[in-house]
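Residues per chain, in single letters:
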Amino acid sequence: MSETTIGLLHPGEMGAAVGQCLTAAGHRVLWVPEGRSRATAERAAAAGLTPAAGGLAGLAGQADVIVSVVPPHGALEVARQVAGFGGVYADANAISPATAREVAAVVEAGGASYVDGGIIGTPPVTPGFIRFYLSGARAGQVKQLFERSPADVRVLGPDPVAASAVKMAYASWTKGSSALLLAARALARAEGVEEALLAEWALSQPALPDRLTRAAGSAAAKGWRWVAEMEEIAASMTADGLPGGFHLAAAEIYRRSGSDPSPEAVLSALLAPP
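A few points on the structure. (Residues numbered from 1 in each chain as written. Predicted model: local features only at pLDDT ≥ 70, side-chain atom pairs only at ≥ 80, totals over all residues. Heavy atoms only, no water.)

Turning next to unusual backbone geometry. Note: most peptide bonds trans; most residues except glycine with negative phi. The step from L9 to H10 runs through a cis peptide bond, and the omega angle for that step is 5°. Assignment of secondary structure puts H10 in the loop between β1 (5-9) and α1 (13-24). For the peptide bond that leads from P123 to P124, omega is 10°, which places it in the cis range. Located in the positive-phi region is R148, a residue other than glycine, with phi close to 70°. Mapped onto the fold, R148 is located in the loop between α6 (139-145) and β8 (152-155). (Helix = DSSP H or I, 4+ residues; strand = E, 2+ residues; numbered from the N terminus.)

Per the stated rule, a full pass over the model turns up 10 salt bridges. Between E231 and R255 there is a salt bridge, with the nearest N and O atoms lying 2.9 Å from each other. With E231 in helix α9 (residues 208-239) and R255 in helix α10 (residues 245-256), this pair connects stretches of sequence that are 24 residues apart. E231 gets classed as partly exposed once you look at its relative accessible area, which sits at 35%. Of the charged contacts in the structure, one is a salt bridge between R256 and E252, with a shortest N-O distance of 3.0 Å. Of this pair, R256 and E252 both sit in helix α10, 4 residues apart, roughly one helical turn. Classification of R256 by relative accessible area gives partly exposed; the value is 30%. (Salt bridge = Lys/Arg side-chain N within 4 Å of Asp/Glu carboxyl O. Buried < 20%, exposed > 50% of the residue type's maximum accessible area, 1.4 Å probe, protein only.)

This next bit is on the packing of α9 against α10. At a minimum axis separation of 7 Å, α9 and α10 run at an interaxial angle of 165°. By the angle between their directions, the pair α9 and α10 is classed as roughly antiparallel. Once α9 is placed against α10, the crossing between them reads as left-handed. In this structure, α9 uses A219, G223, W226, V227, M230, E231, I233, A234 and M237 to contact α10, whose residues at the interface are H247, L248, A250, A251, Y254 and R255. (Axes fitted to C-alpha atoms, helices over the stretch in contact; angles between N-to-C directions. Parallel < 35°, antiparallel > 145°, perpendicular 65-115°, else oblique. Left-handed = near helix turned anticlockwise from the far one by under 90°. Contact = heavy atoms within 4.5 Å.)

Turning next to the nonpolar core. Core analysis: the largest hydrophobic core is formed by 30 residues, its most contacted members being V18, V67, I130, F132, V142 and F146. Here this core takes 5 residues from α1, the largest share from any one element. (Core = buried A, V, L, I, M, F, W, Y, C linked by side-chain atoms within 4.5 Å.)

One way to put it is that helix α7 (residues 162-190) packs onto α10 with a least axis distance of 9 Å and a crossing angle of 65°. Pair α7 / α10 crosses with left-handed handedness. Where α7 abuts α10, its residues S172, K175, G176, S178, A179, L182 and A183 lie against H247, A250, I253 and Y254.

Right, let's talk about the environment of R154 for a bit. Note on placement: R154 falls in strand β8. Using a relative accessible area of 39% as the deciding quantity, one classes R154 as partly exposed. For R154, the contacting residues outside a window of four places in its chain are R131, F132, Y133 and L134. Within polar-contact distance, the side chain of R154 engages the side chain of D152 at 2.7 Å. (Polar contact = N/O pair within 3.5 Å; in protein donor to acceptor, adjacent residues only side chain to side chain.)

So, about the sheet that holds strand β7 (residues 130-135). What the 8 strands build is an open sheet, ordered β3-β2-β1-β4-β5-β6-β7-β8; its pairing is mixed. Every interior strand has two partners, whereas the edge strands, β3 (50-51) and β8, have only one. For β1 and strand β4 (residues 65-68), the ladder comprises 4 bridges, and the chain directions are parallel. Looking at β4, one finds that G7 is bridged to I66. Strand contacts of α1: β1, β2 (28-31), β4, β6 (113-121) and β7, with the helix running at about 170° to β1, the strand carrying the most contacts. Against the sheet, helix α5 (residues 97-109) contacts β5 (88-91) and β6, and its axis sits at roughly 140° relative to β6. (Pairing = 2+ DSSP bridges.)

Let's shift gears to the side chain of E194. Tracing the backbone shows E194 in helix α8 (residues 194-204). At a separation of 2.9 Å, a polar atom in the side chain of E194 contacts the side chain of R189.

Turning to its location among the elements, E229 is positioned in helix α9. Within the local environment of E229, its side chain forms a polar contact with the side chain of K175, the two groups lying 2.9 Å apart. In this view, E229 contacts P72, A94, K167, M168, A171 and K175; residues no more than four positions away in its chain are not counted.

Dropping the structure here:
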């Protein structure tokens, strides 16, 4: 595919990895440095991104396609910030189908075509490091941007929010069950039976202690972002007549987790008065 100018909002850890895939495929990828941290600037430079002159307006004026990769709570506001952009707007955020429809309404009202996206996987960039699910009438066009890149891009069809639905269903288990695991051990500690629980895990669930260590590290590093994702999953569940309480509780677990990645610190934070 010939070079396309793509606006990336914004090069966080995952966004920079997506941008690196696009530059590797031969495209010019713009980002907005104003108001971003030094760490973001370093990620953008390492990914081969180009600073856009003129801020968001300049990026929207030059880009053929905008790809949004931001924390879930920012997805709608980011779409509003580039309202009036007339190209293809691909939202790759962990949002509910209902929120995805809101984003679509904002960008389509300004003249853009909406493509829904959902990313499963994590950096660093290696072949197949993410599955990038896309849906919508122009999803195939966005997939073509990633030809010869390390991303595994899969088109689900024309449904305008199918990719978000896949992301919600998938993360409801992966991140939801990690929160439940942390809560289970915190409960055992609060009731004075932690050693008995750990002994039982050693007998019947030997993989859980290592998984809990990873869950604690992820909660400390990313819990601030996962709070909104759990709330989006809860909204997805209730919209389809399913109980949303599991994931509202998971949101609270991540809200309380703190920033120290050790299991001891995370468990103590969970049991501290809110």
